[in-house]
Amino acid sequence: MDDPTDQELYDELLASLAAEGARASAGPDRSTILIHHGWEPGGNGPPERFDPPFELHVDPPALGRHLRGIAADAQEAMGGSSPVRAALSLFLVHLRETVETRPGRRHLFLGHGGVDAR
């Protein structure tokens, strides 16, 4: 399996957010991802609307570096045949956890342990 490009990983992150029920869009010049609505809350009503949206400060090259940097550990934790896709899955877990546990902190950044909020 070919290693996805940084741009493909960025697009896959947006598609994965949508698949999980979150509404997100690429920000201007693709240097951020804006998260407008939260994840589906398990059938307990509509997802939370974020106003202003969360702003994940990441561009395709930074995302690619981050995911490749955690790929080996992610594959051990998440399984699967592709280390970089396991890293994307783990990153999604960290992103969701940060959004759900850090109310009021709307700026999100790649961090050593996943996602940092400020």
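Bear in mind the structure is a predicted one, so any value in this text is a computation, not a measurement.

How each quantity is defined
- Residues numbered from 1 in each chain as written.
- Predicted model: local features only at pLDDT ≥ 70, side-chain atom pairs only at ≥ 80, totals over all residues.
- Heavy atoms only, no water.
- Helix = DSSP H or I, 4+ residues; strand = E, 2+ residues; numbered from the N terminus.
- Rg over C-alpha atoms; globule rule 2.2 N^0.38 Å.
- Buried < 20%, exposed > 50% of the residue type's maximum accessible area, 1.4 Å probe, protein only.
- Contact = heavy atoms within 4.5 Å.
- Areas by Shrake-Rupley, 256 points an atom, 1.4 Å probe, with all protein chains shown as cover.
- Lys, Arg positive; Asp, Glu negative; His and termini not counted.
- Charge placed at Lys NZ, Arg CZ, Asp CG, Glu CD.
- Axes fitted to C-alpha atoms, helices over the stretch in contact; angles between N-to-C directions.
- Parallel < 35°, antiparallel > 145°, perpendicular 65-115°, else oblique.
- Nonpolar A, V, L, I, M, F, W, Y, C, P; charged D, E, K, R; others polar.
- Pairing = 2+ DSSP bridges.
- Salt bridge = Lys/Arg side-chain N within 4 Å of Asp/Glu carboxyl O.

Moving on to the overall build of the protein. Helix and strand counts for the protein come out as three helices and five strands. Traced from its N-terminal end to its C-terminal end, the protein shows the element sequence α-β-β-β-α-α-β-β. Taken over C-alpha atoms, the radius of gyration comes to 14 Å for the protein, in line with the 13 Å a tight globule of 118 residues would show. Structurally, the protein occupies a C-alpha span of about 40 × 30 × 25 Å along its principal axes. Of all 118 residues assigned to the protein, the portion counted as buried reaches 39%. Taking all contacts inside the protein whose residues are at least 6 apart in sequence as the whole, residues at least 24 apart take part in 42%. Accessible area of the protein: about 6,400 Å², with a carbon and sulfur share of 50%. Separation of charge centres in the protein, based on 11 positive and 18 negative side chains, amounts to 6 Å.

Take the side chain of threonine 32 next. Here threonine 32 shows up in strand E2 (residues 32-37). The class for threonine 32 is buried, based on a relative accessible area of 6%. Not counting residues up to four positions away in its chain, the partners in contact with threonine 32 are Tyr10, Ser25, Ala26, Gly27, Glu55, Leu56, His57 and Val58.

We now examine the packing of helix H2 (residues 60-78) against helix H3 (residues 83-101). Packed helix pairs are characterised by how far apart their axes lie and by the angle those axes make with each other. Across the interface, H2 lies against H3 with an axial gap of 6 Å and an inter-helix angle of 95 degrees. Regarding the angle of H2 to H3, the classification is roughly perpendicular. Contacts between H2 and H3 pair Leu63, His66, Leu67, Arg68, Ile70, Ala71, Ala74, Gln75 and Met78 from the former with Pro83, Val84, Ala86, Ala87, Leu88, Ser89, Leu90, Phe91 and Val93 from the latter. Looking at the contact of H2 with H3 residue by residue, the class counts come to 14 nonpolar, three polar and one charged.

Let's shift gears to the environment of glycine 27. You can see glycine 27 is positioned in the loop between strand E1 (23-26) and E2. Through-space distance from the C-alpha of glycine 27 to that of histidine 107 is 13 Å; in sequence the pair is 80 residues apart.

Taken together, five strands build an open sheet; the order of strands is E1-E2-E3-E4-E5 and the sheet is mixed. Only two strands of the sheet have a single partner each, and these edge strands are E1 and strand E5 (114-117). Shown here is a sheet whose adjacent strand axes are inclined to one another by a mean of 30 degrees, direction ignored. With five bridges joining them, E2 and strand E3 (residues 49-57) adopt antiparallel strand pairing. Its bridge partner lying in E3, isoleucine 35 is registered against phenylalanine 54.

Now for the pattern of salt bridges. Within the structure shown, the criterion is met by five salt bridges. A salt bridge links glutamate 100 to arginine 96, with the shortest nitrogen-to-oxygen separation between them at 2.9 Å. Highlighted residues: glutamate 100 and arginine 96, both in helix H3, separated by four residues, approximately one helical turn. For arginine 96, a relative accessible area of 29% puts it in the partly exposed group. A cluster of three or more residues bridged by salt bridges with shared partners is formed by Asp3, Asp6 and Arg68.

So, to be careful, I would describe these as geometric facts and stop short of saying anything about function.
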